[in-house]
Amino acid sequence: MVEPLVTDPLPIEGASRARHRWLPWALLRLGGVVFVLWAVATVTFFAIRLIPGDPAEAIVGGPGSQASAEALAQARADYGLDQPLLTQYLTYLSHLVRGDLGNSYSLRSPVVDVIGENIGGTLLLAVVSLVVASLIALGVAALSVRGGRLASALASLLEVIAAAVPHFWLAIALILLFSTVLGWLPPVSVPGVAGLVLPVLTLAIPLAGFLGQVMRESILAAISSPFVLASRARGENERGVFWRHALRHAAIPAIGLTGWAFGALISGAVVVETIFARPGLGRSLLSAVQQRDVPLVLGVVLVVAVGYMLVTTLTDLADRLVDPRVVRR
Amino acid sequence: MKIRAIVAGAILLFIAVAALAPGVLAPTDPLAIHPLESFRPPSFEHLFGTDESGRDILTRVIHGAGASLLIGLSATAIGVSIAVVLGLLAGLGPRWLDFGTTRFLEVLFAFPGLLFALLFIVIYGPGIVTSTIAVGLATAPGYARIIRSTVLQVRRAPYLEAATVLGRGRAYRIVHHLLPNVAGSLFVLVTLGIGQSIVWASSLSYLGLGAVPPAPEWGAMLSAGRTYITSFWWMTFFPGAFIVLTAVATTLLGRSIQDRTRS
């Protein structure tokens with residue numbers, strides 16, 4: 001993504017990190033973020049114009065509503081649809097810069113408010129799921145690395161199955177087991193911790209499958225690498241080797257996957273929030289898609305794009321801090 | 001790791017037979033209605049139970065394999081075809097083209113998979129065809145990035161340098177050396193991708209945006225059973241289990257091919 005900024009003929013860890021110029025990196029990164037957001041906004045704006053049919057009809061209640069010509073004209077004027085396309089686009093961008101995402105067709109309230117009400121639930125769900133998934137993946141990877149070949153093969157199979165399970169099916173299976181059969185947890189998401197358990201497990205298990213595969217590979221590579229041999233030669237015990245070296249190396253590819261994981265969690269949230277009737281961005285997005293509520297769909301997509309750019313920028317930063325080799329490359 | 005490939009092959013063989021000749025495995029009509037036998041739980045007579053019209057779920061799952069597999073294959077084909085074009089443009093073209101394509105892919109990455117599919121569906125409406133195209137488009141950027149890096153890797157390989165030294169032309173090098181070597185990893189991508197495409201497409205069907213009942217397609221069966229989840233769980237559980245089975249089998253097969261080509 002970003003060109004190497006430091007070409008050091010004889011790199012020494014501390015020295016190269018100190019000499020790494022942060023300002024050009026930050027400026028490049030910022031430029032990239034602004035570009036992607038502008039492109040996302042533009043692509044979605046023009047993509048929405050491809051929708052067949054009159055958007056004014058969607059505003060007044062769908063094609064079946066048989067609205068009067070006056071009502072349609074009024075809706076067009078209200079939402080600026082009677083303006084030339086370029087004017088609409090520039091108005092849209094200038095509103096966007098000021099944080100105004102327009103009004104939802106179906107809910108008749110500002111999109112910013114709808115997103116504000118729903119973003120918290122999705123963030124909580126995504127963050128807790130990411131933490132739980134990382135813990136499961138790390139635990140399975142650690143156990144299988146120590147447990148020998150059979151344990152490793154078993155863990156590998158479990159990871160493949162976990163990664164292949166569709167969210168909706170996992171949700172059904174978990175509801176069947178924990179609500180219908182055992183009766184331990186509610187089948188719909190109620191406020192509080194009990195309501196969070198099943199949605200989090202549904203999102204975390206497939207993610208743990210993906211993360212586990214990557215982590216295990218890098219732990220195995222680290223354990224058979226020269227620096228681990230050297231630390232063993234210095235007399236470090238197995239526990240030290242694992243915690244000090246293998247774990248740090250497992251973190252590197254996992255950090256690299258965080259941007260992707262963010263996308264997977266948001267995609268999963270659409271399904272999970274719908275099944276568990278949990279308020280959130282994903283459920284709002286799905287109902288907006290079903291009702292062709294264009295401003296709301298655009299707003300959610302833009303917010304997700306901002307979130308994605310934030311996450312990838314942060315992980316790029318984290319990568320540079322955890323793995324000094326990145327800066328040198 | 002031979003067992004892995006054998007198990008995966010056996011599962012896929014079964015699904016392939018179901019897809020090509022469903023009558024062999026399940027001779028009865030998947031659409032035949034038996035109102036008196038509706039909502040039967042799994043038994044020896046109906047291994048997977050029956051649905052709201054008394055249709056045998058096992059029969060319907062077997063007859064649905066063809067459509068589901070076709071959706072997965074088509075979506076993967078769409079995604080990989082677009083990705084090959086983008087990946088080759090970026091990997092072989094001049095620097096500005098690589099720069100442009102990479103930026104374009106970065107923009108696409110800001111739309112996480114299902115979101116991109118939903119955006120496509122909001123424009124072109126729900127249905128089996130649009131949801132298949134949506135899944136294909138949503139998976140294309142990921143494939144394109146992998147193909148681009150494979151092309152760049154192969155470009156630097158010693159055998160290509162050797163071919164250049166031997167005086168082979170650019171077109172010859174691309175057709176005889178680069179493409180065959182990229183094709184190997186492409187094959188793995190496709191195998192791994194089919195399972196994922198089926199999972200994505202069935203998720204869209206489950207949300208009511210893809211295939212619609214009464215077609216015996218796995219996603220459509222899931223969305224039909226959705227209303228009865230708490231009382232008649234077998235209606236969604238078994239079609240879903242076949243999606244999982246297919247996805248796991250294709251992943252295992254893809255992995256074994258990957259390991260073989262690597263060593």
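In this section: the overall build of chain B. Check the secondary structure of chain B and you find 10 helices and zero strands. Counted from the first residue to the last, chain B has its helices and strands arranged as α-α-α-α-α-α-α-α-α-α. Taken over the C-alpha atoms alone, chain B extends approximately 75 × 45 × 25 Å along its principal axes. Within the span of chain B, comprising 263 residues, buried residues form 48% of the whole. The long-range share in chain B, meaning contacts at least 24 apart out of those at least 6 apart in sequence, stands at 65%.

Interface size is commonly expressed as the accessible area that is lost once the parts come together. With 37 residues of chain A at the contact, the number on the chain B side is 31 residues. Going through the elements one at a time, helix 2 (22-48), helix 7 (148-164), helix 8 (167-181), helix 12 (258-275), helix 13 (281-290) and helix 14 (294-322) of chain A are the ones with two or more residues in the side of chain A that touches chain B. The element that contributes the greatest number of residues to the side of chain A that touches chain B is helix 2 of chain A, accounting for seven residues. The residue makeup of the side of chain A that touches chain B, split by class, is 30 nonpolar, six polar and one charged.

A few words on helix 10 (residues 226-233) of chain A. Counting buried positions along helix 10 of chain A yields zero of eight residues, so the element is predominantly exposed. A positive backbone phi angle near 100 degrees is found at A:Gly235, which sits one or two residues after helix 10 of chain A.

This brings us to the packing of helix 6 (residues 111-146) of chain A against helix 13 of chain A. Residue and element names in this part refer to chain A. Viewed as axis vectors pointing N to C, helix 6 and helix 13 meet at an angle of 130 degrees, and their least axial separation amounts to 7 Å. Taken together, the axis directions place helix 6 and helix 13 in an arrangement best described as oblique. For the pair helix 6 and helix 13, the contacting residues are Val 114, Ile 115, Asn 118, Ile 119 and Thr 122 in the first and Leu 281, Gly 282 and Ser 284 in the second. Looking at the contact of helix 6 with helix 13, its residues break down into four nonpolar, four polar and no charged.

Counting residues in hydrophobic clusters, the biggest one holds 148 residues, and the most contacted among them are A:Leu207, A:Leu265, A:Val297, A:Val300 and B:Ala117. Residues within four places of A:Val300 in sequence aside, it is in contact with A:Ile115, A:Leu281, A:Ser284, A:Leu285 and A:Ala288.

Before going further, it helps to examine the environment of B:Thr246. Its place among the elements puts B:Thr246 in helix 10 (residues 234-262). Between the alpha carbons of B:Thr246 and B:Ile198 there is a distance of 8.4 Å; along the sequence they are 48 residues apart.

Let's shift gears to the confidence of the model for chain A. All names here are of chain A. Taken over all residues, the pLDDT of chain A has a mean of 78, while the share at 70 or more is 86%. The secondary structure element of chain A with the lowest average pLDDT is helix 1 (residues 13-19), at 47, and the one with the highest is helix 6, at 87. Below pLDDT 50 for its whole length, residues 1-18 participates in 22 contacts with residues either more than four positions away or in separate chains.

The rules behind the values
- Residues numbered from 1 in each chain as written.
- Chains lettered and ligands numbered in written order.
- Predicted model: local features only at pLDDT ≥ 70, side-chain atom pairs only at ≥ 80, totals over all residues.
- Helix = DSSP H or I, 4+ residues; strand = E, 2+ residues; numbered from the N terminus.
- Buried ≥ 20, exposed ≤ 12 C-beta atoms within 10 Å, placed from the backbone.
- Contact = placed C-beta atoms within 7 Å.
- Nonpolar A, V, L, I, M, F, W, Y, C, P; charged D, E, K, R; others polar.
- Axes fitted to C-alpha atoms, helices over the stretch in contact; angles between N-to-C directions.
- Parallel < 35°, antiparallel > 145°, perpendicular 65-115°, else oblique.
- Core = buried A, V, L, I, M, F, W, Y, C linked by C-beta atoms within 7 Å.
- pLDDT = per-residue confidence, 0-100.

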